[in-house]
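The primary structure of each chain is shown beneath.
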Amino acid sequence: MASLLNMVSVSPTTFSTTRTTRTSTTFSLQPRLLQSPSSVSFNSRWRFSVRAAETDANEAVKSQAPDKAPGKDGSSFNQLLGIKGAAQETNKWKIRLQLTKPVTWPPLVWGVVCGAAASGNFHWTFEDVAKSILCMLMSGPFLTGYTQTMNDWYDREIDAINEPYRPIPSGVITENEVITQIWVLLLGGLTIAGILDIWAGHDFPIVFYLAVGGSLLSYIYSAPPLKLKQNGWIGNFALGASYISLPWWAGQALFGTLTPDIVVLTILYSIAGLGIAIVNDFKSIEGDRALGLQSLPVAFGAETAKWICVGAIDITQLSVAGYLLGAGKPYYALALVGLIIPQVIFQFKYFLKDPVKYDVKYQASAQPFLVLGLLVTALATSH
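About the thresholds
- Position numbers for residues start from 1 in each chain and track the written sequence from start to end.
- Selection of residues for local features in this predicted model requires a pLDDT of at least 70, selection of side-chain atom pairs for listing and counting requires 80 or more, and totals for whole chains, interfaces and linings are taken over all residues.
- The side-chain figures draw on all heavy atoms in the structure; neither hydrogens nor water molecules are used.
- Going along the chain from the N terminus, every DSSP run of H or I of four or more residues is numbered as a helix, and every run of E of two or more is numbered as a strand.
- Accessibility throughout is a Shrake-Rupley quantity obtained with a 1.4 Å probe, and a residue counts as covered only by protein chains that appear here.
- In what follows, salt bridge is the name for a side-chain nitrogen of Lys or Arg lying within 4 Å of a carboxyl oxygen of Asp or Glu.
- Partly exposed describes any residue whose relative accessible area lies between the buried limit of under 20% and the exposed limit of over 50%, with all areas from a 1.4 Å probe on protein chains only and scaled to the type maximum.
- Only Phe, Tyr and Trp rings are paired, with Trp represented by its six-membered ring, and only when their centres lie within 6.5 Å; those with planes under 30 degrees apart are stacked, over 60 edge-to-face, the remainder tilted.
- Only lysine NZ and arginine CZ atoms are considered, and such an atom sits over a ring when it is within 6 Å of the ring centre and within 35 degrees of the ring normal.
- Throughout this description, the term nonpolar core refers to a set of buried Ala, Val, Leu, Ile, Met, Phe, Trp, Tyr and Cys residues connected via side-chain atoms within 4.5 Å.
- In this analysis, two residues are considered to be in contact whenever any of their non-hydrogen atoms come within 4.5 Å of each other.
- The quantity known as pLDDT measures the predictor's confidence residue by residue, on a range of 0 to 100.
- Patch definition: residues with relative accessible area over 30% and no salt bridge; like charges joined within 9 Å; nonpolar side chains (Val, Leu, Ile, Met, Phe, Trp, Tyr) joined within 5 Å.
- How far a helix is expected to stretch is found by multiplying one less than its residue total by 1.5 Å.
- UniProt positions are given in the numbering used here, feature names are shortened, and annotations may be inferred rather than shown by experiment.
- A fitted line through C-alpha atoms represents every axis, and for helices the fit uses only the stretch in contact; the resulting angles, taken between N-to-C directions, go from 0 to 180 degrees.
- To sort the angles, those under 35 degrees are grouped as roughly parallel, those over 145 as roughly antiparallel, those from 65 to 115 as roughly perpendicular, and the leftovers as oblique.
- For any helix crossing, the convention is left-handed if the near helix is rotated counterclockwise from the far helix by under a right angle, and right-handed if that rotation is clockwise.
- Classification used: nonpolar for Ala, Val, Leu, Ile, Met, Phe, Trp, Tyr, Cys and Pro, charged for Asp, Glu, Lys and Arg, polar for all others including Gly.
- This count recognises Lys and Arg as positive and Asp and Glu as negative, with His and chain-terminal groups excluded.
- Each charge is placed at NZ for Lys, CZ for Arg, CG for Asp and CD for Glu.

### Things to note about the overall build of the protein
Here is step 1: A count of helices and strands for the protein gives 17 helices and two strands.
Here is step 2: Taken as a whole, the protein presents about 16900 Å² of accessible surface, with 65% of it coming from carbon and sulfur.

### Structural notes on the pattern of salt bridges
Here is step 1: Throughout the structure, instances matching the rule amount to six salt bridges.
Here is step 2: Note that K101 and D152 form a salt bridge whose closest N and O atoms lie 2.6 Å from each other. With K101 in the loop between α4 (92-100) and α5 (105-119) and D152 in helix α6 (residues 126-154), the pair connects residues that are 51 residues apart, well separated along the chain.
Here is step 3: For K101, a relative accessible area of 0% puts it in the buried group.
Here is step 4: A relative accessible area of 5% places D152 in the buried class.

### Looking at the packing of aromatic side chains
Here is step 1: What the rule picks out here adds up to eleven aromatic pairs.
Here is step 2: Note on W307 and F348: the rings are 6.2 Å apart at their centroids and 70 degrees apart in plane angle, and the pair reads as edge-to-face. Placement of W307 in helix α15 (residues 302-326) and of F348 in helix α16 (residues 330-351) is noted, with a sequence separation of 41 residues between them.
Here is step 3: Ring centres 6.2 Å apart and planes at 5 degrees place the aromatic pair F346 and Y350 in the stacked group. Taken together, the residues F346 and Y350, both in helix α16 and four residues apart, mark about one turn of the helix.
Here is step 4: By relative accessible area, Y350 is classed as buried at 14%.
Here is step 5: Members of the aromatic cluster, each reached through a chain of ring pairs, are F346, Y350, Y358 and F369.
Here is step 6: A cation sits over an aromatic face here: R96 above W93, 5.6 Å from the ring centre.
Here is step 7: Directly above the aromatic system of W153 lies the positively charged group of R156, at a separation of 4.0 Å from the ring centroid.

### A few points about the nonpolar core
Here is step 1: Core analysis: the biggest nonpolar cluster contains 74 residues, and M138, W248, F351 and Y362 have the highest contact counts within it.
Here is step 2: It is helix α9 (residues 175-200) that provides the largest number of residues to this core, a total of ten residues.
Here is step 3: Beyond its immediate chain neighbours, meaning those up to four positions away, F351 contacts V279, F282, K306, C309, V310, F346 and Y362.
Here is step 4: Listed in part, the seven residues of the second largest apolar core include L228, A238, Y243 and A277.

### Examining the confidence of the model for the protein
Here is step 1: Taken residue by residue, the protein gives an average pLDDT of 82. The fraction at 70 or more is 79%.
Here is step 2: At the level of individual helices and strands, the protein shows its lowest average pLDDT in strand β1 (residues 24-27), which scores 37, and its highest in α9, which scores 97.
Here is step 3: Within the model, pLDDT remains below 50 along residues 1-69, and this stretch shows 168 contacts once partners closer than five positions in the same chain are excluded.

### A look at a nonpolar patch on the surface
Here is step 1: Taken together, the side chains of L318, V337, I341 and I345 present a nonpolar region at the surface, about 340 Å² in accessible area.
Here is step 2: When residues of the nonpolar patch are assigned to their parent elements, the largest contribution, three residues, is made by α16.

### Concerning α16
Here is step 1: Between its first and last C-alpha, α16 extends 30 Å over 22 residues, near the 32 Å set by a 1.5 Å rise per residue.
Here is step 2: Tucked inside the fold, the buried residues of α16 contact α12 (260-281), α15 and α17 (359-382).

### Quick look at the environment of A290
Here is step 1: Inspection of the secondary structure puts A290 in helix α13 (residues 285-290).
Here is step 2: Taking the C-alpha atoms as reference points, A290 and E157, separated by 133 residues in sequence, lie 9.9 Å from one another.

### Here's the deal with the side chain of T149
Here is step 1: Checked against the element boundaries, T149 lands in helix α6.
Here is step 2: In this view, T149 contacts L99, T100, V178, Q181, I182 and L185; residues no more than four positions away in its chain are not counted.

### Side note on the side chain of T316
Here is step 1: Along the chain, the position of T316 falls in helix α15.
Here is step 2: Judged by its relative accessible area of 7%, T316 falls in the buried class.
Here is step 3: Beyond its immediate sequence surroundings of up to four residues, T316 is in contact with L268, Y269, I271, A272 and G311.

### Brief notes about the UniProt feature "transmembrane region" (unreviewed entry) in the protein
Here is step 1: If you check UniProt for "transmembrane region" (unreviewed entry), the listed places come out as residues 182-200, 206-221, 233-250, 262-283 and 331-352 in our numbering.
Here is step 2: Annotated as residues 182-200, this span is 100% helix and 0% strand, and its ends, taken at the C-alpha atoms, are 27 Å apart.
Here is step 3: End C-alpha atoms of residues 233-250 are separated by 25 Å, and the span's content is 100% helix alongside 0% strand.

### So, the packing of helix α11 (residues 232-255) against α12
Here is step 1: Contact geometry for α11 and α12: axes closest at 6 Å, N-to-C directions at 135 degrees. Put simply, α11 runs oblique to α12. As α11 packs across α12, the resulting crossing turns out to be right-handed. Of the residues in α12, those touching α11 at W233, N236, F237, L239, G240, A241, I244, S245, W248, W249 and Q252 are I262, V263, T266, I267, Y269, S270, I271, G273, L274, A277, I278 and D281.
Here is step 2: Across the contact of α11 with α12, the residue classes break down as 15 nonpolar, seven polar and one charged.

### Notes on unusual backbone geometry
Here is step 1: Going from P224 to P225, the amide bond is cis rather than trans, its omega being 10 degrees.
Here is step 2: The phi torsion at K101 lies on the positive side, around 50 degrees, for a residue other than glycine.
Here is step 3: The phi angle at K227 is positive, at roughly 40 degrees, despite the residue not being glycine.
Here is step 4: Its location among the elements puts K227 in the loop between α10 (206-222) and α11.

### Describing a positive patch on the surface
Here is step 1: Together, K349, K353, K357 and K361 line one region of the surface with positive charge.
Here is step 2: Looking at where K353 falls in the secondary structure, it is placed in the loop between α16 and α17.
Here is step 3: Taking relative accessible area as the criterion, K353 reaches 57% and is therefore assigned exposed.

This is the structure in structure tokens:
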């Protein structure tokens, strides 16, 4: 569902005073056939427009892609995962995969696992395993892929400053191809959600509505006029909720009942997701500042923002451990504390030392312990 985790360090950018033009592209869902190269349409009574207008100032930016791009030194493996250090690629399907950022899928997939565990009704039968795999496909490749592709589309001006070698700003994939990919992934994810509701025998299509809600949240996170990511607090919390709460809710609703106490607990847990989202903001300070996005590193400075980041992650998990202890589940609380300790160690070893240089190492080292803590919490709430 929606949409965490790709990074790159930034370097000076050259601005050009070349002649500017103003262009706009519209993608609409309306009851008429394809009108122009910049629009794709399907029969529907709803109209959904993705409109991108570039200002004269932004179009005057000439990114130095050859100088900044990893080029021959880039990694093909990083390219497939959609993370920094990616090699330049011409294969269109590899580029499409890169836009979906597969490295961001595991937290969503794991969220489904946690929700299924929290339901208390998952059994290791062929049917339950098949349902869970289909739910993981919906949450990860389809709806997270939709979110990441759309986010790259709306971030193309920022990426032209921070990551000019990425597929969209470098021009290796066309606007029509990107927009088509956004819609194929979105409609595919919503279709799977509907299938899951029918398969589970739901009277109310809760998985479908969760998918719709998550997709809408992803859209307003990236797209104007709301563009939640312009505000560091609101945007990062929305991102955290998408990565923790929504897939958990889908997994639990698929196999059991989504209860109000679980909704509250997972929303609070999403504050830790806010901290994780801040990690990704450090790589984009230059572009965010140039385009007026108030990410927390821009608003508070890198030194303060990195402490807000680790504070949100650690305090949230310690609070959940306290909740489990108060609920009479001391062993689960102790297990969660044991998983918090290595995260703190890696924060001091990597992230607090240099959040830009060591962002990938920190997340690769610390996040497995955070997601294991989610499973511990899910198991605790299922008993």
